[in-house]
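Understanding the architecture of this molecule
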Amino acid sequence: MSKVIVVTSGKGGVGKTTSSAAFASGLAAKGHKTAVIDFDVGLRNLDLIMGVERRVVYDFVNVINGESTLKQALIKDKRVENLFILPASQTRDKEALNKEGVESVLNELKEEGFEYIVCDSPAGIEKGAFMALYFADEAIIVTNPEVSSVRDSDRILGILQSRSKAAEEGRTVKEHLLITRYSPDRVEGGDMLSMDDIIEILSVPLIGVIPESGTVLQASNSGNPVIMDKESKAGQAYMDMVCRFLGEDIPLRFVKSEEKKGFFKKLFG
C-alpha cells in the first residue's frame, strides 16, 4: 500500500528540502520504490540538491495541466535504484496547483507501484504548502532548536490536525518530529533549545536528530543528498531516521556533547 509523506515546517531555512532528499534517497536505498515531489512552485530547489537540474524537461505543473505525462516528467535517479524525482516549475506561481490535479498525480504514482511518495513542502501556510500536506498519510515536522522555528511548527501541526483530507475524513495524520542543525555544545551553553524541550512543546514522537554539520551544505552544493555520505554524522543520522521510520529500533546518536571533560580535567581546569 502506498503512503504519502509530507516533509513540512512553518519556518523557512530549517532543512526541509535537504531532509526530503535524504529521506527519499534512504527509503529507495532500502529497496522501496520512492518518488519525491517538489511542491515549491516558482522556486524549485529539490532538483539542485538531488543533482538532476540539467535533466529537467517537464515538471509537476506540466503534468497537472496535461502538457506532459507523468512518465515524461519523472526523473530516475542514476545513483539509487527505485528513486524518482518530480521537479517543480520555476516559471509558474503556486496558484497553478489545485486539489484535483495534485490528487490525480498522487493516484497515478500509486498505480505505478510507488510505495512511498515524499512531498517536499514549501515553508509557511500558503497554497503550495497546503497542497503538499492536504493528502498526507504521515508528516515529518522539521524544526531547528530555536523558539521561532518550534512555534511555527506548532502552527503546521494545527493545520494537519484540522484541514488535511485525513482530518476531513475523521482520520489522523501520523506525525514525526525531526530536529535539524542540533548542536549539543550550544544546548549545554544555553544557546539552543534542548531536544527534550522541543518534544515537550510539540508533543510529537521524535524520529531523528540531525547534528549541525558543514557536510550538509557541501552535499547540497554538489547535488548529492547528504545521506549518501556515509562518513558524515549528518548522513548517518539521516539513515538512522529512515531506519526508525521503517520500524527499526535505532538509538539516537550525536545528541550529547563530545566535550565531556574527564575528572582530572574538571579538577584542574
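Let us look at the structure shown here. (Residues numbered from 1 in each chain as written. Predicted model: local features only at pLDDT ≥ 70, side-chain atom pairs only at ≥ 80, totals over all residues. Heavy atoms only, no water.)

Remarks on the overall build of the chain
We apply this condition: Note on conventions: DSSP H or I runs of at least 4 residues are helices, E runs of at least 2 residues are strands, and numbering of each starts at the N terminus. With the radius of gyration taken over C-alpha atoms, the globule rule is written as 2.2 Å times the number of residues to the power 0.38. Throughout, a contact is declared for two residues whenever any of their heavy atoms are within 4.5 Å. Within this scheme the basic residues Lys and Arg register as positive and the acidic residues Asp and Glu register as negative, but His and the chain ends are omitted. Here the site of a charge means NZ on Lys, CZ on Arg, CG on Asp, or CD on Glu.
In terms of helices and strands, the chain carries 13 helices and eight strands. For 269 residues, the compact-globule estimate of 2.2 N^0.38 gives 18 Å, and the C-alpha radius of gyration of the chain, at 19 Å, lies within 12% of that figure. The C-alpha extent of the chain, read off along each of the three principal axes, is 70 × 40 × 35 Å. Long-range contacts, defined here as pairs at least 24 residues apart, represent 75% of the contacts in the chain between residues at least 6 apart. With 34 positive and 40 negative side-chain charges, the chain shows a separation of 3 Å between the mean positions of the two kinds.

Focus: the packing of aromatic side chains
Defined as follows: The rule is short: rings of Phe, Tyr and Trp, with Trp giving its six-membered ring, pair when the centres are within 6.5 Å, and they are stacked under 30 degrees, edge-to-face over 60, tilted in between. Relative accessibility under 20% of the residue-type maximum defines a buried residue, over 50% an exposed one, and the middle range a partly exposed one, all with a 1.4 Å probe and only protein chains included.
Taken as a whole and judged by the stated rule, the model has six aromatic pairs. A ring pair is formed by Phe23 and Phe245, whose centres lie 5.1 Å apart and whose planes are at 85°; its orientation type is edge-to-face. Note that Phe23 is positioned in helix 1 (residues 16-29) and Phe245 in helix 12 (residues 233-245), a separation of 222 residues in sequence. The exposure class of Phe245 is buried, given its relative accessible area of 12%. Consider the rings of Phe84 and Phe114, whose centres lie 5.4 Å apart with planes at 85°: the pair is edge-to-face.

Re the environment of Val4
By the element assignment, Val4 lies in strand 1 (residues 3-8). Along the chain, Val4 and Tyr116 lie 112 residues apart, while their C-alpha atoms are 6.1 Å from each other. Beyond its immediate chain neighbours, meaning those up to four positions away, Val4 contacts Lys110, Ile117, Cys119, Phe135, Ala136, Asp137 and Glu138.

Regarding the pattern of salt bridges
Defined as follows: Whenever a carboxyl oxygen of Asp or Glu lies within 4 Å of a side-chain nitrogen of Lys or Arg, that contact is scored as a salt bridge.
Under the counting rule described, the total for this entry stands at 12 salt bridges. Note that Arg44 and Asp47 form a salt bridge whose closest N and O atoms lie 3.3 Å from each other. Here Asp47 falls in the buried class, since its relative accessible area comes to 1%. Note that Lys76 is salt-bridged to Glu81, the shortest N-O span being 3.7 Å.

Function cannot be read off these values alone, since they describe shape.
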